[in-house]
Amino acid sequence: MSESVESIRAKIAELPHCPLGFYPTPLERLNHLSEELGIELYMKREDFSGRSLFGGNKIRKLEYLMGDAMAQGAEYVFTFGATQSNHAMETVTACRQLGLKPVIYLTEVVPVIEGEIRANLLLDQILGAEIHIVKMHPGETEDDADLRGIEMARAQMASLEAAGHKCYEIPAGGANAIGSVGFADSYLELRDQMAALGLTMDYLFHATGTAGTMAGLNAAKKALGDSTKIISVNVSEKTDAYLDLAAGLANGVLERLGIEEKVLREDVCREGNFYQPGYEIPSDVATQAIRHLAQTEGILADPVYSGKAFAAVLAYAVDGRIPKGSTVVFLHTGGATALFAENEMVGDFSHPLIVEE
Ligand SMILES: *Cc1c(COP(=O)(O)O)cnc(C)c1O
């Protein structure tokens with residue numbers, strides 16, 4: 001039996017929660033691109049979730065994670081990411097808002113050069129987080145370095161706990177059942193906004209990394225029995241095991257809400273052809289998509305996440321994988337600070353300058 005929006009909302013409302021963002025986030029029609037592509041194209045502005053200009057999708061998850069941390073009486077919050085992690089920056093921001101102490105372990109995917117620190121890592125410094133940079137050892141993969149970071153953080157947590165301090169650990173991306181509930185909530189909000197316009201979504205596109213966003217969206221969709229196609233665009237290389245991970249996380253969300261429905265691996269869809277050449281490495285197709293979105297709508301996407309995912313929307317619309325006349329929503333997950341990061345992450349946006357003497 002399918003759930004109703006009201007019954008899911010009532011279940012979500014029972015969970016520990018801290019308001020951190022500004023919700024509902026706006027939904028807008030992209031008029032120029034709708035006309036150009038022959039589809040009804042809307043954008044859900046999760047990048048406007050606020051606190052500062054640098055919002056993003058992690059705030060939804062953090063509302064539930066921080067709710068849990070506060071309920072447990074935490075003093076320190078530990079989390080993980082790459083050096084330019086949006087999730088880490090948004091976690092540090094939430095800690096400051098709630099009076100908690102942020103400790104972050106960041107894997108040095110892009111080299112950190114003292115004196116030239118930018119973007120999220122600069123914001124982490126301004127916000128005064130305790131920042132650990134985990135160097136990558138020769139021959140080590142990013143995953144190996146991430147695991148070493150987790151071990152070091154857990155050792156630090158153990159000694160803090162032994163001294164009587166309560167610590168709360170949030171996984172990279174806030175992607176567990178607790179955090180991912182935030183995107184079940186987001187799905188309901190978006191569906192209501194569309195319904196108020198008399199529309200239902202044929203397609204919902206978004207960038208996927210740790211799969212928490214994808215899991216929450218798919219959990220709510222399944223519980224409601226909707227037929228919307230959720231296309232989750234990978235931002236890094238993933239094997240098919242990723243589908244099991246996403247379905248498992250979605251089921252964790254459903255269980256947490258006491259909903260019996262199950263998300264199967266066949267229910268979730270990931271698009272793996274737009275992340276190349278790799279995580280935090282720019283691509284021509286994403287660069288073009290970012291420029292195109294900026295120059296038709298005045299909206300900025302980032303080179304690591306939303307630019308790569310938006311490139312998929314453009315490609316699908318142009319080659320007909322999205323039929324003409326379809327109603328399509330792009331969930332803008334934020335991340336614009338990456339435009340101010342190291343050049344090797346940003347890519348080539350060179351544009352003629354008219355130099356006047
Ligand atoms: C983290 C992030 C994503 C991916 O969300 P997941 O829940 O980790 O899959 C997408 N876009 C931006 C800007 C992000 O920071």
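Look a little higher up for the structure.
Residues numbered from 1 in each chain as written. Predicted model: local features only at pLDDT ≥ 70, side-chain atom pairs only at ≥ 80, totals over all residues. Heavy atoms only, no water.

Participant: Outline the nonpolar core, supporting the account with residue identities and numerical values.
Facilitator: Grouped together as the largest cluster of nonpolar side chains are 56 residues, with contacts concentrated most on Met-66 and Leu-204. Counting residues per element, the ones that place at least two in this core are α1 (5-13), α3 (58-71), α4 (86-98), α7 (177-196), α8 (212-224), α9 (241-256) and β10 (327-332). When neighbours within four sequence positions are excluded, Met-66 is seen to be in contact with Cys-18, Leu-20, Val-77, Thr-91, Ala-94, Cys-95, Leu-98, Leu-100 and Ile-170. Ranked by size, the runner-up nonpolar core spans 38 residues in total, among them Ile-231, Phe-274, Val-304 and Met-345. (Core = buried A, V, L, I, M, F, W, Y, C linked by side-chain atoms within 4.5 Å. Buried < 20%, exposed > 50% of the residue type's maximum accessible area, 1.4 Å probe, protein only. Helix = DSSP H or I, 4+ residues; strand = E, 2+ residues; numbered from the N terminus. Contact = heavy atoms within 4.5 Å.)

Participant: Go over the packing of helix α10 (residues 284-297) against helix α11 (residues 306-319), please, and point to the residues and values.
Facilitator: Packing of α10 against α11 brings their axes to within 8 Å, and their N-to-C directions diverge by 80°. Looking at the two axes, α10 sits roughly perpendicular to α11. Listed contacts from α11 to Val-285, Ala-286, Ala-289, Ile-290, His-292 and Leu-293 of α10 are Gly-307, Lys-308, Phe-310, Ala-311 and Leu-314. Of the residues belonging to the contact of α10 with α11, the class tally is eight nonpolar, two polar and one charged. (Axes fitted to C-alpha atoms, helices over the stretch in contact; angles between N-to-C directions. Parallel < 35°, antiparallel > 145°, perpendicular 65-115°, else oblique. Nonpolar A, V, L, I, M, F, W, Y, C, P; charged D, E, K, R; others polar.)

Participant: Mind laying out the pairing of strand β7 (residues 203-208), listing which residues take part and the relevant values?
Facilitator: Burial analysis of β7 places six of its six residues in the buried class, the great majority of the element. Side chains Tyr-203, Phe-205 and Ala-207 project from β7 onto one buried face, and the interleaved Leu-204, His-206 and Thr-208 project onto a second face that is buried too. Two elements, β7 and strand β8 (residues 229-234), share six bridges in a ladder whose sense is parallel. Counterpart to Ala-207 in the pairing with β8 is Val-233. (Pairing = 2+ DSSP bridges.)

Participant: Lay out the sheet that holds strand β4 (residues 101-107) with the relevant residues and their values.
Facilitator: A sheet is described by the order of its strands in space; here four strands give the open sequence β5-β4-β3-β6, paired in parallel fashion. Among the strands making up the open sheet, the edge pair consists of β5 (130-134) and β6 (167-169). With strand direction ignored, the average angle separating the axes of adjacent strands in the sheet is 20°. Inspection of the sheet shows β4 paired to β5 by five bridges, in the parallel sense. Residue pairing for β5: Thr-107 is matched across the bridge by Val-134.

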